[in-house]
Structures are given as structure tokens and as C-alpha cells.
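Close look at the chain arrangement
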Amino acid sequence: MATVAPQAYRNYVNGAWVDARSGETMPSINPATGETLGRVPKSGAEDAQAAIAAARAAFEKWRKVPAPRRAEILYRAAVELVRQKEDLARLMTQEMGKVLAETRGDVQEAIDMTYFIAGEGRRLHGYTTPSEMPHKAAYCLRVPVGVVGVITPWNFPMAIPSWKIIPALLCGNTVVFKPATDTPLVGVRFAQILNDAGLPPGVLNVLTGSGGKVGNAIVEHPDVAIISFTGSTEIGLAMAEKCARLGKRVSLEMGGKNAAIVMDDADLDLATDALIWSAFGTSGQRCTACSRIITQRGVRKELTDRLVARAKSLRLGDGLDPKTEVGPVVSQAQLESIHGYVDVGKKEGARVLVGGAPAREGALARGYFYAPTIFDNVTPGMRVEQEEIFGPVTDIIEAKDLDDAVRILNGVQYGLSASIFTRDVNKAMRAIDDIFTGIVYVNHGTIGAEVHLPFGGTKNTGNGHREGGIQALDVFSEWKAVYIDYSGRLQRAQIDKE
Ligand code: NAP
């Protein structure tokens, strides 16, 4: 059953490893060293058409495979992911930069998601309900939708594709997957493991290439029924406009400007550990990264001093080195964008307490490293307080009290993740009531979602859908209501009332 191993890193279309029709390729680069890890097809619209045609053809058979049987294939894939976990994590660290402990976590999240959703193969619950008429049965069930286009970012190269591909397949859809240009190798390996587990040809296709070309071709193709996208708000909202014109469903997970509130009564040891992890883990390149620390005056100085000392001591380096705490950012473009924001912050009057520049000492000069950066004197409304920087940069903002802190926290266009540190249960519960984000943590940083809860955000972070949890199934299924009249006569709903 094993497919040809993709050392050449090809596309996988209709059960075969193929090059782009154009024959063109593009490199995948290690951001810690600048080395080329491999080359992948630079796919275009023709490749998208072939993959979508294969997925469309495969859908008619796949949708009829009973869901528990579909799930058995996913379970087999999960077992294989466990077996290859270390190898996949090492590849991911090389391709994307984050440290091994985190890439192991990324693969583990895909494993968890696969086991969790495969379990739904024996549920996929609808419900039965009484009819308003005698001798009439009424129930509803989920049905698959068709071909799903999956378009993902580079920061979680396996976890995020798994949040989309696994529920899409379990529900009986077929998939055309385009991983990010910065992390195509992990995307191809993930698709290979799923296919080797026994998916029929055409059920899961993978195409590497740029968003503007092959990604856009997937979005615009009339035979793609659903687009499931994670990435920037700018690209996501533009995609939503196109999908609206085409009348197709689009699920968007987009940017964030997440904040943690630290109240005067907080446990500062805990808050410091959690905030360093939330702000600088994955070099700040998590959609849930903590990029604003909203602190009450009473603990502001003590907390700031502790955070600065810890940020200074973080060890930057190649993520494969077990001593490394912070890896590189993903690309030169990302490095420049982060540094541009640091300049903006300084011009706005924010003060750099630590970091504020690319890190270029010794071996760091070969890669894209940015020193963990903390801004002080940040006030609500500054660009560095409002806009997603997506790098190892966080702000200190002072708040008068809980209401003021929540107002500042909510005062951005995004609504993904938030947290509060307090020992007062009343304050914690009021914060949960008033914070308008998709995820709220108490006495924990802003990162660390689990797959069996809904994941996603409010406002410009999303468009009302959720990944994770059983809510993920809603994106990838239609509801069908069924009425079976066994009275043997015409009974008219709402009209034939006794
Ligand atoms: P991005 O630039 O928006 O790209 C995301 C994906 O969309 C990539 O595969 C990209 O391809 C593709 N794409 C770009 N332009 C396209 C187009 N015109 N048509 C179709 N596809 C297109 O985002 P990113 O820089 O990879 O990721 C960082 C962003 O993701 C941040 O804003 C972060 O907050 C967000 N994110 C959100 C969540 C969440 O759950 N809310 C989770 C993780 C990340 P290329 O790679 O070829 O450009």
C-alpha cells in the first residue's frame, strides 16, 4: 500500500506522485541556516484543475463509504504519525524553525486531532424528534458537501492542516490541500501518511505552490464547495469576497492581537513563566501569541523587571539544539516586517526595554533571528498595540482596574485568545463574562488549546466557524432533514391541525 516516498517532493494527485505541469520547482529553506532542504513543485492553475477533477470524481464513492470505515483509515494514519513523530518533528524544526519541543507538540496535536475526530466516525450524531403529525417520523443527519480546498499557513505546518483535513475526510468530503510556501515538505509528508493509511485515489490531493497562483485557482474553481483557510486577515477577507461571489462556504481563521491581564493580586512567578512562554514561544509566531500584557499599576514594575530579565536570558539558536529556547523567525521577509514594527513603535513613543533588533551574533548570522523584544509605555490605539506583528515582540500597557483592562483587551479588531492572572475568583469570572474572544484562559498564558474544544476567534479573527471540538464537523457537513410519513394519507404540516 506504500506510495513512492516523495524524496523528490512532488504533488500527490489522484493517487500518484506528479510534478507540476510546468515542470517548475521552488525551494524549501531552513530559516536557521539558510540551507535548501528540498525542492517542491511550483504548481499553477492547471495542476489545481487536475487535482480538483480527481477529488470531484473520488467524492461519489468516498461519500458512500460508511463513516466508521472512513475513521478506520484515519486511525491507521494516527498510528503511523505516532511512529514517525520524531522524524516529522525534526523535519518541521528544520523547515520552519521552532524548537524541537514545540514541533513535537505540533505533530502531537495532529495525532490528537486524528484520534479525536476518528472517534466521531461512530457518532456523527444527528437527532430524531417527534413530528407534529401522527404516523410520521422525523430526524436529521449530517451529509458531506463535496470537494474541500484546504489552505494553511506555515506556523503550525501539521497541526493546522490536521484540524481541517481530518474532519473534512471523516465527514465524507474529498480534499485538495495547499500547504504554505514556507513549509511544503511537512505538508507533503502529512498527506503521504494519510494516503498510505489507505485513502482511495483522489480523496486527498496535495499541491505545493504559491497562494496567489495555485491557492487562488483552488478558491475560484466552481467544483470546490468549501474553502477552509487559516492565515492573515488581509488574505482571508479577500478570499471571503471571492467565495461570496461564487456562493461557496468559507471558513476563516485569521489574525490575532492577544492580550493577558495581570491583576495586582496575581501570582507573579506563574505570570512571568506563562507570559514569557506565550510571548516568545514559536518566536511569537503563534496566532494566539501574547503580544499585549495589560498590567495593573501595583505589579507593573515588578512584573516588567522580571519579564525583561527573563527575555534577556533566552537562548536563541537552531531549534535542533536542545539548549535553544527561541528559534528563528520563518523568513527574511518576516524578519523585516517585525523590525519595521519595532521602528513604528519607537516613533509612536513606546520604549524598547529589551531586544529591538535582529540577532546576528556568531551562527545566528546565517539565519533569521530576532531578539525577544518588550515595549514599555505602550498606550491603547498605538499601531504596535493594535496590529498583529507576528514575531517575538510584546507590549506592556498599564490599566487602572479590571474594567479598564478588559476595555483595553477588547479594543482591537481581533478576538482570538485572552488570559487573566488573578487569585480572586470574582475577578476571573467577571473577566470571562466580559472578554469578547473565542478563547479565554485563567491563570495561564494565551496559548495552549486542546483539540476537543472549539478553536477560533471573534471579530476579524474569524467568520463564525470553529475548528477543533465537534464544532469542526459543522464546517464540513450539511444537515439533511428527513420526514417519513407512514400514515398512508396526505398530512399537511402547519395546515392539517386537529
Ligand atoms: P498568509 O500570508 O495569509 O497565508 C496563508 C495561506 O494562504 C498560505 O498557504 C498562502 O500561500 C495562502 N495564500 C496567500 N495568498 C493567497 C491567495 N490570494 N489565494 C489563496 N491562497 C493564498 O498567512 P501566513 O503568513 O502564512 O500566516 C500567518 C497568519 O496566519 C497570521 O496572521 C496568523 O495570525 C494567522 N494564523 C491564524 C490562526 C488562527 O487559527 N486564527 C492560526 C495560525 C495562523 P503562500 O504560503 O504561498 O503565501
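Quantities reported herein were computed from a predicted structural model and do not represent experimental measurements. (Residues numbered from 1 in each chain as written. Predicted model: local features only at pLDDT ≥ 70, side-chain atom pairs only at ≥ 80, totals over all residues. Heavy atoms only, no water.)

A count of helical and extended segments in the protein gives 15 helices and 21 strands. Since a compact globule built from 498 residues should have a radius of gyration of about 23 Å, the 24 Å found for the protein is in line with a globular shape. For the protein, the spread of C-alpha atoms along the principal axes amounts to about 80 × 65 × 40 Å. Here the analysis covers contacts within the protein between residues at least 6 apart in sequence; of these, 74% occur between residues at least 24 apart. Surface summary for the protein: the accessible area is close to 20,300 Å², and the carbon and sulfur share equals 52%. In the protein, the 56 positive side-chain charges and the 57 negative ones have mean positions that sit 4 Å from each other. (Helix = DSSP H or I, 4+ residues; strand = E, 2+ residues; numbered from the N terminus. Rg over C-alpha atoms; globule rule 2.2 N^0.38 Å. Contact = heavy atoms within 4.5 Å. Areas by Shrake-Rupley, 256 points an atom, 1.4 Å probe, with all protein chains shown as cover. Lys, Arg positive; Asp, Glu negative; His and termini not counted. Charge placed at Lys NZ, Arg CZ, Asp CG, Glu CD.)

What follows concerns the nonpolar core. Membership of the largest hydrophobic core comes to 63 residues, with the highest contact counts inside it found for M158, I165, V175 and L194. Among the domains, domain 1 (7-254 + 462-481) and domain 2 (258-442) are the pair contributing at least three residues each to this core. The residues contacting M158, other than those within four sequence positions of it, are L81, L88, M92, D106, V107, A110, V186 and F190. Within the second largest apolar cluster, 29 residues are counted, among which are I294, Y370, I389 and V406. (Core = buried A, V, L, I, M, F, W, Y, C linked by side-chain atoms within 4.5 Å. Buried < 20%, exposed > 50% of the residue type's maximum accessible area, 1.4 Å probe, protein only. Domains from an automatic or database assignment.)

Split into domains, the protein comes out as domain 1 (7-254 + 462-481) and domain 2 (258-442). Distance from the C-alpha centre of domain 1 to the C-alpha centre of domain 2: 31 Å. With 20 residues of domain 1 at the contact, the number on the domain 2 side is 25 residues. Buried area between domain 1 and domain 2, both sides added, is near 1,900 Å², and the carbon and sulfur share of it is 62%. Linking domain 1 to domain 2 there are 0 salt bridges. The interface formed by domain 1 and domain 2 holds 4 residue pairs in polar contact (both at pLDDT 80 or more) in total. (Buried area = accessible area lost by both parts, 1.4 Å probe. Salt bridge = Lys/Arg side-chain N within 4 Å of Asp/Glu carboxyl O. Polar contact = N/O pair within 3.5 Å; in protein donor to acceptor, adjacent residues only side chain to side chain.)

In the neighbourhood of the ligand, 29 residues make up the surrounding shell, with T152, T181, S232, M254 and E388 lying closest. A distance of 2.8 Å is found between an oxygen atom of the ligand and a backbone nitrogen or oxygen belonging to G211. Burial of the ligand by the surrounding chains reaches 86%, relative to a free accessible area of 900 Å². Counting residues per element, the ones that place at least two in the shell around the ligand are α7 (211-220), β10 (224-230) and α8 (233-246). For the shell around the ligand, the element with the highest residue contribution is α7, accounting for 3 residues. Considering only residue class, the shell around the ligand consists of 13 nonpolar, 13 polar and 3 charged. Shared between two domains, the shell around the ligand takes at least three residues from each, and those domains are domain 1 (7-254 + 462-481) and domain 2 (258-442). (Near = heavy atom within 4 Å. Nonpolar A, V, L, I, M, F, W, Y, C, P; charged D, E, K, R; others polar.)

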